Amino acid sequence: MPRIRRRLLLIAPVAGIAALSGCASVVPVEVAPDATDPVCASVVLAMPDSLGDGLPQRDTNAQATTAWGDTAAPVVLRCGVEPLGPTTERCQTVETPGGPSIDWVIVEGDDGGWTFTTYGREPAVELHVPAAVADERSTAFVDQLGPAVALTEAVRSCV
């Protein structure tokens, strides 16, 4: 009996660690081409800890990125993406309460998700909101990113 008891004592902590690591899963993200821009580090560090109920910030595996929400369908932000040139896509200015205005080009994906890319900012920032999130809630949380994104340089704006 003591042998079985000792094995159970060893198994319990291992099972507990495995269960906890499932909660803290890292979100896999593709690094952006200009992620090494020092401004991107400041942008990501200034991001909010949460984008609202059910969207806590998550760790990612790529430089200059962060994510929020469920690791199975996370909202993902990447800094250092290719800046957009002139476009016919919808460009919208998002006012940050008590803060800066940020111009975003908004594109609906084939999967029903939405991609927001800063317009006229260098380095450029991209936010992907998967369909699973967009179907359940408004994307109005984009305004919470304004103070962090404002750390990038504004070189032009939406017309």
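Note that the structure is predicted; figures quoted are calculated from it, not measured.

Enquirer: Can you help me understand the overall build of the protein in this one?
Expert: The helix and strand inventory of the protein stands at 4 helices and 9 strands. Per-residue burial over the protein gives 38% buried out of 159 residues. When contacts within the protein are restricted to residue pairs at least 6 apart in sequence, long-range pairs at least 24 apart make up 57% of them. Put simply, the protein shows about 9100 Å² of open surface, and 55% of that area lies on carbon and sulfur atoms.

Enquirer: It is not clear to me how the layout of surface pockets should be interpreted in this structure. Could you clarify?
Expert: Using a probe with the size of a water molecule, rolled over the atoms, empty space left in the structure can be pinpointed. What the largest pocket holds in volume is close to 170 Å³. Every residue along the wall of the largest pocket is listed here: Arg90, Gln92, Val94, Ile106, Trp114, Phe116, Ala134, Thr139, Ala140, Val142 and Asp143. For the lining of the largest pocket, the secondary-structure elements that each account for two or more residues are β4 (90-95) and β6 (114-118). When residues in the lining of the largest pocket are grouped by element, the largest group, 3 residues, is from β4.

Enquirer: Looking at this model, I keep getting lost on the pairing of strand β2 (residues 65-68). Mind explaining?
Expert: On a regular strand, one side chain projects to one face of the sheet and the next to the other, so that they alternate. Both faces of β2 are covered, namely the face carrying Thr65 and Ala67 and the face carrying Thr66 and Trp68. Relative to β2, strand β1 (residues 57-58) runs antiparallel, the two sharing 2 bridges. Looking across to β2, one finds that Gln57 is bridged to Trp68. What sits between the antiparallel neighbours β1 and β2 is a turn of 6 residues, in which Ala64 has the positive phi angle 60°. Across 4 bridges, the pairing between β2 and strand β3 (residues 75-81) is antiparallel. The partner of Thr66 across the bridge, within β3, is Leu77. What sits between the antiparallel neighbours β2 and β3 is a turn of 6 residues, in which Gly69 has the positive phi angle 95°.

Enquirer: Explain the nonpolar core here, please?
Expert: As a rule of thumb, soluble globular proteins bury nonpolar side chains together. Trp68, Val75, Trp104, Leu127, Phe141 and Leu145 are the most contacted members of the largest nonpolar core, which totals 27 residues. Residue assignment for this core shows that the elements contributing at least two residues are α2 (38-45), β3, β5 (101-108), β8 (124-129), α3 (131-134) and α4 (146-149). Those residues within four positions of Trp104 in sequence are excluded, and the remaining contacts are Arg90, Cys91, Gln92, Val94, Phe116, Thr117, Thr118, Tyr119, Val125, Val142, Leu145 and Val149.

Enquirer: Looking at this structure, I do not really get the pattern of salt bridges. What am I missing?
Expert: It is possible for side chains of opposite charge to pair when their charged atoms get near one another. This model, assessed by the stated rule, comprises 1 salt bridge. Residue Glu126 is joined to Arg78 by a salt bridge in which the shortest nitrogen-to-oxygen separation is 3.0 Å. With Glu126 in strand β8 and Arg78 in strand β3, the pair connects residues that are 48 residues apart, well separated along the chain. An identical accessibility class is assigned to Glu126 and Arg78; each is buried.

Enquirer: Would you explain the side chain of Thr60 in this entry?
Expert: Mapped onto the elements of the fold, Thr60 is located in the loop between β1 and β2. Only 2.5 Å separates the side chain of Thr60 from the side chain of Thr65, close enough to count as a polar contact. Once residues lying within four places of it in the same chain are set aside, the contact partners of Thr60 are Val26, Val27, Val29, Thr65, Thr66 and Ala67.

Enquirer: Explain the packing of aromatic side chains here, please?
Expert: In this description, a pair of aromatic rings is defined by centroid distance and the angle of the planes. Tallying each qualifying case throughout the model produces 1 aromatic pair. Considering the side-chain rings of Trp104 and Phe116, the 6.3 Å spacing of their centres and the 85° angle between planes classify their relative orientation as edge-to-face. In this pair, Trp104 sits in strand β5 while Phe116 sits in strand β6, placing the two residues 12 residues apart along the sequence. Given a relative accessible area of 5%, Phe116 falls into the buried group. Between Arg156 and the ring centre of Tyr119, over which it is positioned, the NZ or CZ distance is 5.3 Å.

Quick notes on the rules
- Residues numbered from 1 in each chain as written.
- Predicted model: local features only at pLDDT ≥ 70, side-chain atom pairs only at ≥ 80, totals over all residues.
- Heavy atoms only, no water.
- Helix = DSSP H or I, 4+ residues; strand = E, 2+ residues; numbered from the N terminus.
- Buried < 20%, exposed > 50% of the residue type's maximum accessible area, 1.4 Å probe, protein only.
- Contact = heavy atoms within 4.5 Å.
- Areas by Shrake-Rupley, 256 points an atom, 1.4 Å probe, with all protein chains shown as cover.
- 1 Å grid on protein atoms, 1.4 Å probe; cavity = no way out; pocket = protein on both sides within 12 Å on 5 of 7 lines; lining within 4 Å.
- Points joined across faces, edges and corners; volume = space filled by probe spheres on them.
- Pairing = 2+ DSSP bridges.
- Core = buried A, V, L, I, M, F, W, Y, C linked by side-chain atoms within 4.5 Å.
- Salt bridge = Lys/Arg side-chain N within 4 Å of Asp/Glu carboxyl O.
- Polar contact = N/O pair within 3.5 Å; in protein donor to acceptor, adjacent residues only side chain to side chain.
- Phe/Tyr/Trp six-rings, centres within 6.5 Å; stacked < 30°, edge-to-face > 60°.
- Lys NZ or Arg CZ within 6 Å of the ring centre and 35° of its normal.

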